[in-house]
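Structural overview for review
Single-letter residue listing:
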Amino acid sequence: MKLKKAEALIPEQEKGSQMDVVEEKVAPDEITAKKCFESASDRLLAVNNWGEISGMSAFVLFDAGGSKVARKAEKGDYIRIDIPGPGPSSGEGYDWVKVEEIVSKNEADEQFLGMRVRPAEFPLSDERVAAHFLQDEATSTFLIRRKGTVITAEEHGRNERPNISEGKLLDRGRNLIVGLAAKFGLSYPQWKMLVKGLLD
């Protein structure tokens with residue numbers, strides 16, 4: 001996948017809600033900025049630590065075969081999300097997303113690392129139903145960028161609509177409630193804490 005700009009990783013907004021959360025840090029010099037970028041990039045791919053950074057939900061990384069792993073995220077991995085309250089039965093009580101793309105650019109004056117995830121099925125299930133409160137058209141794109149001495153950490157949500165057309169009735173009701181809460185900004189504080197924590 002050829003990407004010249006980080007923005008190319010973010011899908012077009014077509015339906016539902018969108019969210020953009022950005023945190024910026026200015027380093028005293030370029031050497032410090034590069035170190036900050038590398039540290040933030042490592043934190044972004046260390047998904048198992050996101051819960052400690054964001055302080056709300058718990059995140060656990062699984063490989064494509066559905067086994068829990070303690071390493072950096074890779075394309076094709078799954079992320080299990082434990083948000084407060086009951087989870088969907090289709091996901092064994094958890095929401096799931098799949099890492100569908102990881103891209104990076106490393107040049108003297110500009111660097112970025114991007115990771116895009118999408119609602120996915122429980123990896124050990126035979127059902128092809130998204131085990132998530134949002135439909136599988138939704139995406140979250142996480143970016144770490146450095147331009148000169150400025151480093152940013154970002155989360156961009158696109159095409160976010162509650163997942164109320166698939167799965168069991170109880171799951172659909174739960175997804176509607178959680179999806180509407182996210183639409184009205186209740187997920188914003190978590191992503192704000194995460195992107196801020198990635199830079200700290």
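Refer to the structure presented above.
Let me sum up the structure you'll find in this document. Here the structure is a predicted model, which means the values were calculated and not measured.

This brings us to the overall build of the protein. Counting secondary structure elements, the protein contains four helices and seven strands. Computed over its C-alpha atoms, the radius of gyration of the protein comes to 17 Å, within 12% of the 16 Å expected for a compact globule of 200 residues. With 200 residues in all, the protein has 50% of them scored as buried. Taking contacts inside the protein between residues at least 6 apart in sequence as the whole, the part at least 24 apart equals 61%. Accessible surface computed for the protein: about 9900 Å², of which carbon and sulfur atoms make up 53%. Here the protein contributes 29 positive and 33 negative side-chain charges, whose respective centroids are spaced 2 Å apart.

Inspection of the entire model under this criterion finds six aromatic pairs. Ring centres of W50 and F59 lie 5.3 Å apart, and the angle between their planes is 70 degrees; on these two criteria the pair is classed as edge-to-face. A ring pair is formed by F142 and W191, whose centres lie 5.4 Å apart and whose planes are at 65 degrees; its orientation type is edge-to-face. Of this pair, F142 sits in strand β6 (residues 139-147) while W191 sits in helix α4 (residues 188-199), and the two are 49 residues apart along the sequence. Grouping residues by exposure puts F142 and W191 together as buried. An aromatic cluster of at least three residues, connected via ring pairs, comprises W50, F59, F142 and W191. The ring centre of Y94 lies 4.1 Å from the NZ or CZ of R80, which sits over that ring.

What counts, and where the lines are drawn
Residues numbered from 1 in each chain as written. Predicted model: local features only at pLDDT ≥ 70, side-chain atom pairs only at ≥ 80, totals over all residues. Heavy atoms only, no water. Helix = DSSP H or I, 4+ residues; strand = E, 2+ residues; numbered from the N terminus. Rg over C-alpha atoms; globule rule 2.2 N^0.38 Å. Buried < 20%, exposed > 50% of the residue type's maximum accessible area, 1.4 Å probe, protein only. Contact = heavy atoms within 4.5 Å. Areas by Shrake-Rupley, 256 points an atom, 1.4 Å probe, with all protein chains shown as cover. Lys, Arg positive; Asp, Glu negative; His and termini not counted. Charge placed at Lys NZ, Arg CZ, Asp CG, Glu CD. Phe/Tyr/Trp six-rings, centres within 6.5 Å; stacked < 30°, edge-to-face > 60°. Lys NZ or Arg CZ within 6 Å of the ring centre and 35° of its normal.

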